[in-house]
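Fold and geometry: a report
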Amino acid sequence: MGARIRSLRKEKGLSQEALGEKGGFHFSYLGQIERGEKNVSLLNLTKLAEALGVNLLQLFAYVDEEIEFTEQENNIQEIIEMLRESNGDKVQLAKNLLREILKSNSSS
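Below is a summary of the structure that appears in this document. Quick caveat, the model's predicted, so the values are computed rather than measured.

Calculation criteria
- Residues numbered from 1 in each chain as written.
- Predicted model: local features only at pLDDT ≥ 70, side-chain atom pairs only at ≥ 80, totals over all residues.
- Heavy atoms only, no water.
- Helix = DSSP H or I, 4+ residues; strand = E, 2+ residues; numbered from the N terminus.
- Buried < 20%, exposed > 50% of the residue type's maximum accessible area, 1.4 Å probe, protein only.
- Contact = heavy atoms within 4.5 Å.
- Areas by Shrake-Rupley, 256 points an atom, 1.4 Å probe, with all protein chains shown as cover.
- Core = buried A, V, L, I, M, F, W, Y, C linked by side-chain atoms within 4.5 Å.

Scanning the protein chain for helices and strands turns up 6 helices and 0 strands. When the helices and strands of the protein chain are listed from N to C terminus, the series reads α-α-α-α-α-α. Each of the 108 residues in the protein chain was classed as buried or not, and the buried ones make up 24%. Long-range contacts, defined as pairs at least 24 residues apart, comprise 49% of the intrachain contacts of the protein chain with a sequence gap of at least 6. Counting every atom, the protein chain has about 7700 Å² of accessible surface; 52% of that belongs to carbon and sulfur.

The structure is reproduced here in structure tokens:
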């Protein structure tokens, strides 16, 4: 797990300090995780995945193996990232629009 986190962190061009700031962790704790010296809770894995901008499942892929996602899954992930970067009013507006779009699709 630690090797995978290190690989993704480096792939994203993040230092341990930068990833720590994004995820709310001390950089020394991240170093311990990457070296396999610390066990990580599922909650912290979720926070790390979010800070790395990846799906939680991607943390469980082998270092040399990439998980292939469908175009739909990639689109959903992109929408989630856009929503995370938006303020509360825009998130609420997007939710309302999405509800209306999906409602009209299900009745078609």
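On we go from here.
As a further point, take the nonpolar core. Judged by nonpolar contacts, the single largest core of 15 residues is most densely connected at Ile5, Leu19, Leu48, Leu52 and Leu59. Every element with two or more residues in this core is listed here: α1 (2-11), α3 (27-34) and α4 (42-52). No other element matches the 5 residues that α4 contributes to this core. When residues no more than four places from it in sequence are discounted, the contact partners of Leu52 are Leu8, Arg9, Lys12, Leu14, Leu19 and Leu59.

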